[in-house]
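Results of the structural survey
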Amino acid sequence: MSFISLSFAVFFLVLVILYRAAIQFGKHSVLTQKIILLVASLVFYAWADLRFVPFLAYAIAVSYLGGLCMERRRHRRFHLFLFVAICLAPLLFFKYAPREFHPNVIFPLGISFFTFQSVGYIADIYKQKITAERNPLDVALFVCFFPTVTSGPIQRAGSLIPQFNKVHGFDYGDATDGLKLFAWGMFKKLVIADRIALYVNYVYGNVAGQYGLALLLATLLYSFQIYCDFSGYTDMAAGAARYLGFDIGKNFDHPYLSKSVGEFWRRWHISLSSWLRDYVYIPLGGSRVALPHVYINLIATFLASGIWHGSTWNFVIWGLLHGFFLCGERMTKEIRERMKIPSWLNVVVTFFLVTFAWIFFRARNLAEAAAVIKKIAVAPTEIVPFISLAKSEGLKEALHKMLSMVTESGGATKGMAQTICLLTSFVVASLATLKKPGLDLVRGQKTVVRWTLYLALAFATMFFMSSSYSGNFIYQSF
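What counts, and where the lines are drawn
- Residues numbered from 1 in each chain as written.
- Predicted model: local features only at pLDDT ≥ 70, side-chain atom pairs only at ≥ 80, totals over all residues.
- Heavy atoms only, no water.
- Helix = DSSP H or I, 4+ residues; strand = E, 2+ residues; numbered from the N terminus.
- Buried < 20%, exposed > 50% of the residue type's maximum accessible area, 1.4 Å probe, protein only.
- Contact = heavy atoms within 4.5 Å.
- Salt bridge = Lys/Arg side-chain N within 4 Å of Asp/Glu carboxyl O.
- Expected span 1.5 Å × (residues − 1).
- Bend = angle between axes of the 7 residues up to and from the residue.
- Polar contact = N/O pair within 3.5 Å; in protein donor to acceptor, adjacent residues only side chain to side chain.
- Phe/Tyr/Trp six-rings, centres within 6.5 Å; stacked < 30°, edge-to-face > 60°.
- Lys NZ or Arg CZ within 6 Å of the ring centre and 35° of its normal.
- Axes fitted to C-alpha atoms, helices over the stretch in contact; angles between N-to-C directions.
- Parallel < 35°, antiparallel > 145°, perpendicular 65-115°, else oblique.
- Left-handed = near helix turned anticlockwise from the far one by under 90°.
- Lys, Arg positive; Asp, Glu negative; His and termini not counted.

What follows covers the environment of Leu326. Along the chain, Leu326 turns up in helix α13 (residues 313-331). Accessibility expressed as a relative area gives 10% for Leu326, which makes it buried. Those residues in contact with Leu326 that lie beyond four places of it in its chain are Val261, Gly262, Leu298 and Phe302.

Here is the structure:
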């Protein structure tokens, strides 16, 4: 069930009515709200495909039993490895087993996300950060909570489960903040990500027939497409949860304004990067070991990130690239500090490093990624004729020729000027909210200004949204 659909609107309306009505049950209000929320979450997940539900039930059962075993004093380490292996087994099978072993089974939606949540739950009990839940209802809700079950953010039991044990009545602040977050997420997805996708999909769909400049532009735009697509989903998930009174945390924090790749990963997909830090990097030794070992830990952690995203070699290369970037930053830290590089230049360099790595993320295979890089590398030679053409034919003709090199894609470039303008507006909004959260910034404005912003957002979403919307989000395939 997509967040942007009539079915979700009806689903959420019914859920809100029942959830709020449960308050009338007095001392049983919490239990009633939990049951309603669990049933709603299962319906939400099953809506995609009923065949997915057994895998969700498996994760719930393993989490519950594994958590109880972690509290036993004997053989705790053995039980940890056993239950983590059992928990990861379906994910590893569907992602990495040859297709002939499961030719007629669809990849379970969200399995990467709820599997990592289950592993985190078991590991946190082992580390004695939390105690095992005796109530299976709480564990089930933690694993399948509908805003996060398909594409995250990856939740921590210590933060989310206590919220299930409170009565959630109507709160005006939560309700309005939730609606604003949801609307902002829709704008990023429908107006920016999906419009950019038209061009990116066309260019990457025929790499051999494209100019290097077109591939360069498509690659730069893909950086914004994937960000607006995934962060848009996260905002909608956070908005729906906030409306009901839940806080699922921040998953993005202006990642493209980072001054280093290390900072980028503290701002991008925060729930995954912090999960990898706590359950992969630190157990390997983290930064508490000799420097060569630190480099190995970094590369291993980001290799795990690449493998989590996909089973093909291009995802492995993407993960390794980020590991090498971080190692390079550590190696050159003192030199860069002595050079006193301007902050804006660090931001630009970081953006281009991350964008370069996105080529492997977007390409279908290594051969296609190599072809894209090769063509982008010769893009400067496509600009050289512009100078002589400007002298002989005039600047107007030269500009027309250059633009034709990146826009010869039929309907894919329709409205490109509008897309660039909207993207520019989005960048300005990102800069404005760098030091102060957007909700707080808007909340502090006068009534006239606030409602002007709300109406402008609603108008832009309805008027400029792409007609190509399919209901899919990029990260639902992981």
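Moving on, we get to the pattern of salt bridges. For the coordinates displayed, the defined rule picks out 15 salt bridges. As a salt-bridge pair, Asp138 and Lys34 come within 2.7 Å of each other at their nearest N and O atoms. Of the two residues, Asp138 sits in helix α6 (residues 136-144) while Lys34 sits in helix α2 (residues 29-46), which places them 104 residues apart along the sequence. Looking at Asp138, the relative accessible area reads 3%, which means it is buried. Residue classification places Lys34 among the buried positions, given a relative accessible area of 7%. Here Glu368 ties to Arg364 by a salt bridge, and the two come within 2.5 Å at their closest N and O atoms. One network of salt bridges, with partners in common, ties together Asp177, Lys180, Arg242, Asp440 and Arg443.

Quick look at helix α8 (residues 172-205) now. Between its first and last C-alpha, α8 extends 47 Å over 34 residues, near the 50 Å set by a 1.5 Å rise per residue. The largest bend in α8 comes to about 30°, at Ala193. The N-cap residue of α8 is Asp171: its side-chain oxygen and the backbone nitrogen of Gly173 are 3.0 Å apart.

Per the stated rule, a full pass over the model turns up 56 aromatic pairs. Ring plane angle 0° and centroid distance 6.0 Å describe the contact between Phe8 and Phe182, whose orientation is recorded as stacked. Here Phe8 is found in helix α1 (residues 6-21), whereas its partner Phe182 is found in helix α8, with 174 residues between them in sequence. Residue Phe8 shares its accessibility class with Phe182, and that shared class is buried. Across from the ring centre of Trp308, 5.3 Å away, lies the NZ or CZ of Lys95, which sits over that ring. Over the ring of Phe473 we find Lys189, and its NZ or CZ is 4.8 Å from the ring centre.

Let us look at the packing of helix α5 (residues 111-126) against helix α11 (residues 270-284). At a minimum axis distance of 11 Å, the contact between α5 and α11 shows a crossing angle of 40°. If you check the angle between α5 and α11, you find them oblique. In this structure, the crossing between α5 and α11 has a hand that is left-handed. Residues Phe116, Val119, Gly120, Ala123 and Asp124 of α5 touch α11, and the partners they reach there are Leu272, Trp275 and Tyr279.

With respect to the helices and strands, the residue Ile299 is situated in helix α12 (residues 291-309). With 20 residues separating them along the chain, Ile299 and Gly319 place their C-alpha atoms 8.1 Å apart. Residue contacts for Ile299: discarding those within four places in its chain leaves Leu320, Gly323, Phe324 and Cys327.

Turning next to the side chain of Arg76. Tracing the backbone through its elements, the reader meets Arg76 in helix α4 (residues 76-96). No salt bridge is formed by the buried Arg76; the nearest opposite charge belongs to Glu71, separated by 7.8 Å. Here the side chain of Arg76 touches Ile125 through a polar contact of 3.5 Å, landing on its backbone oxygen.

Turning our eyes to something else, we now look at unusual backbone geometry. Here the amide bond leading from Gly152 into Pro153 is cis, since omega sits at 5°, within 30 degrees of zero. As for its position among the elements, Pro153 is in the loop between α6 and α7 (157-164). Even without being a glycine, Gln128 presents a positive backbone phi close to 65°. Taking relative accessible area as the criterion, Gln128 reaches 65% and is therefore assigned exposed.

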